[in-house]
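Results of the structural survey
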Amino acid sequence: MSAPGPEQPVLTIQGLVKAFAGHLSLGRTSVLRGLDLEVRRGEVYGFIGANGAGKTTTIKIVTGLVTADAGQVTLLGQPATRPAARRRLGYLPEQPNFYGYLTGREFLRFQARLAGVPPGERGAAVERLLSEVGMASRADRPIRKCSKGMLQRLGIAQALLGGPELLILDEPMSGLDPAGRRDVRDLILAQRERGTTVFFSSHILSDAEVLCDRVGILESGRLALEGTLDEVLGRRSPSWEVTALGATPAGWNGAEGWQVTARRGDRLLIRVEGDEALARLLERLRQQGATLHSVTPHRHTLEERFLDVVGRGTEAT
Ligand code: ATP
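Thresholds applied
Residues numbered from 1 in each chain as written. Predicted model: local features only at pLDDT ≥ 70, side-chain atom pairs only at ≥ 80, totals over all residues. Heavy atoms only, no water. Near = heavy atom within 4 Å. Polar contact = N/O pair within 3.5 Å; in protein donor to acceptor, adjacent residues only side chain to side chain. Areas by Shrake-Rupley, 256 points an atom, 1.4 Å probe, with all protein chains shown as cover. Helix = DSSP H or I, 4+ residues; strand = E, 2+ residues; numbered from the N terminus. Nonpolar A, V, L, I, M, F, W, Y, C, P; charged D, E, K, R; others polar. Phe/Tyr/Trp six-rings, centres within 6.5 Å; stacked < 30°, edge-to-face > 60°. Buried < 20%, exposed > 50% of the residue type's maximum accessible area, 1.4 Å probe, protein only. Salt bridge = Lys/Arg side-chain N within 4 Å of Asp/Glu carboxyl O. Pairing = 2+ DSSP bridges. Contact = heavy atoms within 4.5 Å. Axes fitted to C-alpha atoms, helices over the stretch in contact; angles between N-to-C directions. Patch = residues over 30% accessible without salt bridge, like charges linked within 9 Å, V, L, I, M, F, W, Y side chains within 5 Å. Expected span 1.5 Å × (residues − 1).

**Points about the site of the ligand**
Not every one of the 13 residues close to the ligand is listed here, only the nearest: G52, G54, K55, T56 and T57. Between the ligand and the protein, one listed contact pairs an oxygen atom with a backbone N or O atom of K55 at 2.9 Å. Take E171: an N or O atom from its side chain is 3.4 Å from an oxygen atom of the ligand. Coverage of the ligand by the protein chains reaches 59% of its 630 Å² of free accessible surface. In terms of residues, the shell around the ligand owes the most to one element, helix α1 (residues 55–62), which gives three residues. Tallied by class, residues from the shell around the ligand come to four nonpolar, six polar and three charged.

**Points about the packing of aromatic side chains**
For the structure shown, the criterion picks out six aromatic pairs. Ring geometry for F98 versus F107: centroids 5.0 Å apart, planes at 70°, classification edge-to-face. Look at F98 and you get buried, because its relative accessible area is 18%. Look at F107 and you get buried, because its relative accessible area is 4%. Ring geometry for Y99 and F110: centres 6.1 Å apart, planes at 65°, overall edge-to-face. Placement of Y99 in the loop between β6 (89–92) and α3 (104–114) and of F110 in helix α3 is noted, with a sequence separation of 11 residues between them. When its relative accessible area of 44% is taken as the criterion, Y99 is described as partly exposed. For F110, a relative accessible area of 28% puts it in the partly exposed group. A connected cluster of aromatic rings, assembled from ring pairs, spans Y45, F47 and F199.

**Focus: the pattern of salt bridges**
Within this structure, the stated rule accounts for 18 salt bridges. Within this structure, R41, R88 and E165 form a network of salt bridges that share partners.

**Looking at the sheet that holds strand β5 (residues 78–79)**
Here we have four strands laid out as an open sheet, ordered β2-β1-β4-β5, and antiparallel in their pairing. Since the sheet does not close on itself, it has two edges, and those belong to β2 (28–39) and β5, each with one partner. Bridge analysis of strand β1 (residues 11–21) against β2 gives nine bridges, and the strand direction is antiparallel. Across the sheet, residue T12 finds its bridge partner in β2, namely E38. Sitting on the sheet, α1 is in contact with β1, β2 and β4 (70–75), with an inclination near 115° to β1.

**Side note on a nonpolar patch on the surface**
Residues L282, L292 and V295 make up a contiguous nonpolar surface patch of roughly 210 Å² in combined accessible area. Relative to the helices and strands, V295 resides in strand β14 (residues 291–298). On the basis of relative accessible area, V295 is assigned to the partly exposed category, the value being 33%.

**Here we look at unusual backbone geometry**
One non-glycine residue with positive phi stands out, namely L76, at about 50°. Along the chain, L76 falls in the loop between β4 and β5. The phi dihedral of S220 is positive, around 55°, even though this residue is not glycine. Considering the arrangement of structural elements, one finds S220 in the loop between β9 (214–219) and β10 (222–228).

**Some points on the environment of L176**
With respect to the helices and strands, the residue L176 is situated in the loop between β7 (166–170) and α6 (178–193). Other than its neighbours up to four places away in sequence, L176 contacts K148, G149, Q152, R181 and V184.

**Thoughts on helix α5 (residues 148–160)**
Compared with the 18 Å implied by 1.5 Å per residue over 13 residues, the 18 Å span of α5 between its first and last C-alpha is a close match. Most of α5 is tucked away: 10 of the 13 residues are buried. Among the residues of α5, M150, Q152, R153, L154, G155, I156, A157, Q158, A159 and L160 are the ones counted as buried. Those residues of α5 that are buried are in contact with β6, α3, α4 (119–132), β7 and α6. The positive-phi residue at the C-terminal boundary of α5 is G162, with phi of around 85°.

Rendered as structure tokens:
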């Protein structure tokens with residue numbers, strides 16, 4: 001079995017196409033229309049898209065639960081259809097089903113058996129994972145009495161059985177409260193520290209922003225945007241937020257490169273695009289005898305970029 005080298009992507013998706021039969025078999029609805037994507041070793045990759053964009057469909061094709069109409073998926077250097085390749089990945093489905101009468105410990109022991117963990121190693125592997133996901137003290141509770149956060153921890157523990165090289169998590173933060181989301185985020189980051197590659201889908205953009213080395217935005221069946229957060233957020237063109245007291249904005253119309261975005265009494269909040277416009281604004285404020293209160297770099301958010309991309313896609317269709 002060939003282990004991928006440091007340069008070889010852990011997951012490569014090329015030209016993936018998938019359509020589903022429509023309602024009452026009237027025509028077919030295209031979900032993926034030539035998706036290309038690459039996940040590199042050791043990174044956390046955020047697969048972002050609106051509801052119904054096709055994230056789960058993509059993940060199900062990678063994990064072998066759905067067959068693609070066209071395209072190729074290469075997993076750890078082998079076609080994803082080979083069981084040997086799939087054995088090296090861990091997968092948390094979007095809506096995992098658990099046997100409610102089992103306890104968390106029993107569930108994991110059962111899963112360890114299915115995952116092929118040798119009998120002599122199962123007990124230790126399960127105890128290690130229970131403590132890793134913070135479930136050791138609640139491992140004897142029947143699953144039907146577990147909260148959504150506890151279920152998600154058990155689901156992640158199940159995905160980690162057998163020490164996968166690639167961890168695929170479908171919407172791992174969905175439905176969790178802020179504390180639960182933080183815990184899942186910490187679990188993902190701990191996996192990255194260990195060198196596990198993580199591919200997860202999400203529409204919770206703030207989580208993706210905190211976690212990801214790279215993101216891809218799925219829109220109209222293809223990746224509309226892909227790159228590091230810096231690339232996607234376009235930090236090369238800086239913008240600024242300036243707060244000034246006692247300025248006179250009469251005559252400003254935005255053509256100068258800045259715009260008043262809020263006003264309270266004689267306090268103005270001004271958005272400025274680019275370093276040169278900032279220098280001109282500061283000079284103007286000085287001439288007006290205004291008091292400069294603060295100058296803060298404005299960081300574009302993933303949410304702004306996402307809406308930008310999805311908005312453009314909607315217009316295009
Ligand atoms: P969400 O964030 O809501 O989970 P998603 O990006 O994961 O969305 P998918 O679940 O992949 O999206 O669904 C993409 C589209 O394909 C949706 O319109 C969905 O209704 C449709 N779809 C998915 N599975 C099937 C199926 N088995 N048969 C018919 N249509 C399907």
